[in-house]
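Per-entry structural report
Each chain, written out:
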Amino acid sequence: MSDVREATATLRSERPGVDEELRAVLDIDADNETWTFDDIPLDSGTFGELVSRGIVEKADGEYRVADREAVQAVLDGEEVQSSADDSAPALEFDIDLPPRRVGIALAAALAFVVAVRLVAFPSVFRSEHVVLLGNDPYYYRYLLLESLEQGATVTSLPDSILLGEPLLTATLLAATKLLGGTVEAADLVLAWYPVVAGVLTAGAVYVLAVQLTDDRRIGVASVVMLAVTPVHAYRTAIGFADHHAFDYVWLAITAVAAVALLQRTSTTDSGTRELFSPVTTALAGVVSIGVAGQVLAWNAGPVLLVPLAFYGVVRATAAVNADVSPLGDLVLAGAVGVGGLLAFAVHTTFGWQEPSVVVTPLLLAAGLAAVIGVGEVARRQELSAQLTTATVVVAGGVVFAVAYTVVPEFGAEFTQELDRLVQAGSVAGIAETASLFGTQYGTIVGPFFFFGLSLFFALPYLAWSLVGGWQRNNPIWLLVGSYGWVFFLLALLQVRFAGQLALFSSVFAGVAVVHLSAITGATVRPAMVADDGRDSWSDRAPGAPAFSVPNRQTIVAIGFIVLLVGGLGAVISPARTSTLMVSDESYEAATFMDEYATNQGWEYPQSYVFSEWGDSRMYNAIVSGESRGYGFAQSNYGNFLNSLNASEWYQRLDGRTGFIVIDRHSELSSAGEETMYSRLHDWGNGTGHYRGVWASDDGSMKVFTLVPGAVVTGSAESNATVTATTTIEVAGTEVTYSRTTTADASGNYSVRVPYAGTYVIGGEEVTVSEEAVESGQSVRVDGG
């Protein structure tokens, strides 16, 4: 087989829509000895591909097809065999699968995704424990173990799990039971599920990028950019078993299926495509499942459907502007509506989610149908695009107003979610409620912590997807652009939506990588940024050569571009993940408390660990398994550290707290000596109920238990200052404890101490027993 024939087959497999362009070139080549670029109806990107692959060659300063028969044979569907071995079985390239080279590159990119997400592996798998990252994953661990303990099934979850994230819990439960249904299996599922979600979404990003650009190079580049996007890297890192990674999967499924559906059903300048076919029905079904999955996986899932609403408005006006009917998009609206029916059916059958959550897709479908219908009427009445925009917005607003009024539960849920969004950063200490450009991370550098530089390279191409999509009436560009811009705006309100944005920004960062590489001459331009042979982003000549076989110069050039766009993210991603890891000291403290509570026979709440709220779930998960919430710690721990009244807090904590963890806090470094923070860091000196039982090697972290404390009494001179001092050993280190009191007018004094041992008071010694400390007994200095 000729090289031209093999090159043509490879091009067709990489660019499924190139057949018509190849036939157009063949027709022109048949009528002309040679021809110029201006003679053919190809954009510069496709033409550059033909030249670089040797399908088209230069002749006398112009161009011609190198081997017409070979190209025609491939277009006619004749079997293609590898030139390396003509006896090998024929390979069919009509299937839309990556060819071998692209497949290898994609596999390498996906492996890179996994590698970045395994940075925390040694921190997660420690000794006999699986130590999850961050705080919220322990909440889902609690829900999963509660379901196992109650013998729940996927269809009969405990009542406490039915609202919030029931589909996530059900999925984790099914996977755990598949692996044996033990606590160990549950921990493994929780540890690995984010990585699986990361790989699945990376694969979806590849498909989405190819759907958008018809360019597999951009697909691979997009996966690489996603791999080093920090917000996606740490939220799909091993051990970070939050709900976000699960939400990304359903969002990706919905977006990819919706794009594929629009490719078949939307009406474009070329006419109406397939509205009814088995493939169309299957794709609509996937959209429906994706939509249902989104609202059942997260009670805020309806927010993730907002891009579809935005798309409906933009699409209707673009179609009217192009004088093309938008009615083909009714198939997408119908698929969304069926998704709402599926979600509602699950709700009525299993009780999952509030009705106001599951009906949202139905309301969205009605809104989409309304704006599409109004757009069609506007087109037939020849209204302007501006007037059409106003009309479809009003139509959507009417649907929303009716839903808000007729379904009060929806109105209440919408108001609640809107309040959460607009109060960005108002929840003290909760990082994901801050704005992407908020002061918490730094207005300028904040986005770097979540995207590196890739977002800034992606934004121009993201803007072009809407502008160019509207100008060209391209529904695929409009839909992907709608997803990107809506999530960008949501991330401006709360950074919790940055992960969703990453799925789409990485696609446009991939466009940036390939386009910038083309500017350097390392490859041909992506067709997305070319218009009638003119590159709208650079001055590169249409017929300039491109490199299809990488050489050293090409590799260096492309490598430089990849580092420019994704290099900072590659550095920040592991660093951000490391901030979620449980420190060695914290893990040692947790295992110590677990062993201590076991030896003492403590059960929850007697074994409750009172700590910084961000660590509360981790400590309590290891010590008692009770990691459902952190409300008590969040509401009280800060006040406790700053308090001057040790006895008051003892009365409040006694009976519901077994351990108190004290760590170094830079903001409290200048706290007064009388605060609980300073006293406990000084081993409880000056307090009588707080007994130190563990300390880290450097002394920065300490663990205390609450005890009634022994009351040492005695006599001294009237109004004399009396100090009780002893030496104790904690975690192999000898420390001095002392407490000072003042005798009354009669010379009598009493002082409460939390440690057993021999005390020196006014030159006399007294021995305090463990029993006295545990029971609050009195001990006299004179032995009485």
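Residues numbered from 1 in each chain as written. Predicted model: local features only at pLDDT ≥ 70, side-chain atom pairs only at ≥ 80, totals over all residues. Heavy atoms only, no water.

Let's talk about the overall build of the protein
Of regular secondary structure, the protein possesses 30 helices and 17 strands. Of all 784 residues assigned to the protein, the portion counted as buried reaches 54%. Within the protein, counting contacts between residues at least 6 apart in sequence, those at least 24 apart form 69% of the total. Of the roughly 32000 Å² that the protein leaves accessible, carbon and sulfur atoms contribute 56%. (Helix = DSSP H or I, 4+ residues; strand = E, 2+ residues; numbered from the N terminus. Buried < 20%, exposed > 50% of the residue type's maximum accessible area, 1.4 Å probe, protein only. Contact = heavy atoms within 4.5 Å. Areas by Shrake-Rupley, 256 points an atom, 1.4 Å probe, with all protein chains shown as cover.)

A word on the nonpolar core
The biggest cluster of nonpolar side chains holds 160 residues, and the ones touching the most others in it are Phe451, Phe504, Met593, Tyr619 and Phe659. Discounting residues that sit within four places of it in the chain, phenylalanine 504 has contacts with Leu208, Leu251, Ala255, Val480, Tyr483, Gly484 and Phe487. Of all hydrophobic cores here, the second largest spans 45 residues; its members include Trp613, Val751, Val753 and Val766. (Core = buried A, V, L, I, M, F, W, Y, C linked by side-chain atoms within 4.5 Å.)

Overview of the side chain of serine 573
Relative to the assigned elements, serine 573 resides in helix H24 (residues 552-580). Reaching out from serine 573, the side chain makes a polar contact with the backbone oxygen of valine 228 at a distance of 3.3 Å. Not counting the four nearest positions on each side in its chain, serine 573 is found in contact with Val116, Val228, Thr229, Pro230 and Ala233. (Polar contact = N/O pair within 3.5 Å; in protein donor to acceptor, adjacent residues only side chain to side chain.)

Structural notes on the packing of aromatic side chains
One pass over the full model with this rule turns up 35 aromatic pairs. Considering the side-chain rings of phenylalanine 610 and phenylalanine 640, the 5.4 Å spacing of their centres and the 65° angle between planes classify their relative orientation as edge-to-face. Residue phenylalanine 610 is located in strand E7 (residues 609-610), and its partner phenylalanine 640 is located in helix H27 (residues 631-642); the two are separated by 30 residues in the primary sequence. Like phenylalanine 610, the residue phenylalanine 640 is buried in the burial classification. (Phe/Tyr/Trp six-rings, centres within 6.5 Å; stacked < 30°, edge-to-face > 60°.)

Focus on a nonpolar patch on the surface
A surface patch of nonpolar side chains, amounting to about 340 Å² of accessible area, comprises Ile289, Val338, Leu341 and Leu342. No other element matches helix H15 (residues 330-350), which puts three residues into the nonpolar patch. Inspection of the secondary structure assignment puts valine 338 in helix H15. Valine 338 sits in the partly exposed class, given a relative accessible area of 40%. (Patch = residues over 30% accessible without salt bridge, like charges linked within 9 Å, V, L, I, M, F, W, Y side chains within 5 Å. Salt bridge = Lys/Arg side-chain N within 4 Å of Asp/Glu carboxyl O.)

Digging into helix H8 (residues 166-178)
Because the α-helix completes a turn every 3.6 residues, residues three or four places apart line up on one side. With 13 residues, H8 should cover 18 Å at 1.5 Å per step; its first-to-last C-alpha distance of 18 Å lies within 8% of that length. Of all the residues in H8, the buried ones are Pro166, Leu167, Leu168, Thr169, Ala170, Leu172, Leu173 and Thr176. For H8, the secondary structure elements touched by its buried residues are helix H7 (137-149), helix H9 (183-213), helix H12 (244-265) and helix H13 (278-297). Two residues or fewer past H8, glycine 180 is found with a positive phi of approximately 125°. (Expected span 1.5 Å × (residues − 1).)

Re the sheet that holds strand E10 (residues 702-706)
Read across the sheet, four strands follow the order E7-E8-E10-E9 without closing on themselves; strand pairing throughout is mixed. Single-partner strands in this sheet number two, and they are E7 and strand E9 (690-695). (Pairing = 2+ DSSP bridges.)

Some points on a negative patch on the surface
The grouping of Glu585, Glu588, Asp697 and Asp698 at the surface amounts to a negative patch. Within the secondary structure, aspartate 697 is located in the loop between E9 and E10. (Lys, Arg positive; Asp, Glu negative; His and termini not counted. Charge placed at Lys NZ, Arg CZ, Asp CG, Glu CD.)

Topic: the pattern of salt bridges
Within this structure, the stated rule accounts for 14 salt bridges. Between glutamate 146 and arginine 628 there is a salt bridge whose closest N-O contact spans 3.8 Å. With glutamate 146 in helix H7 and arginine 628 in the loop between helix H26 (613-623) and H27, this residue pair connects regions lying 482 residues apart in the sequence. A residue is classified by how much of its surface remains accessible, and glutamate 146, at 13% relative accessible area, is buried. For the salt bridge of glutamate 770 with arginine 691, the shortest nitrogen-to-oxygen distance reads 2.7 Å. One end of the pair, glutamate 770, is in helix H30 (residues 770-775); the other, arginine 691, is in strand E9, with 79 residues separating them in the sequence. What makes glutamate 770 partly exposed here is its relative accessible area of 39%. Using a relative accessible area of 8% as the deciding quantity, one classes arginine 691 as buried. In the salt-bridge network here, residues are joined through shared partners; they are Asp323, Glu376, Arg379 and Arg380.

Side note on the confidence of the model for the protein
Mean pLDDT over the protein works out to 85, with 86% of the residues at or above the 70 mark. Counting interchain partners and residues more than four positions distant, the pLDDT-below-50 stretch residues 268-272 has 10 contacts. Low pLDDT, under 50, characterises residues 424-428; the predicted model gives this stretch eight contacts beyond four residues in sequence or across chains. (pLDDT = per-residue confidence, 0-100.)

Structural notes on the side chain of threonine 236
Mapped onto the secondary structure, threonine 236 falls in the loop between helix H11 (230-235) and H12. Within polar-contact distance, the side chain of threonine 236 engages the backbone oxygen of histidine 232 at 2.6 Å. With near-sequence residues (within four places) excluded, threonine 236 lies in contact with Arg117, Pro194, Val195, Gly198, Ala245 and Tyr248.

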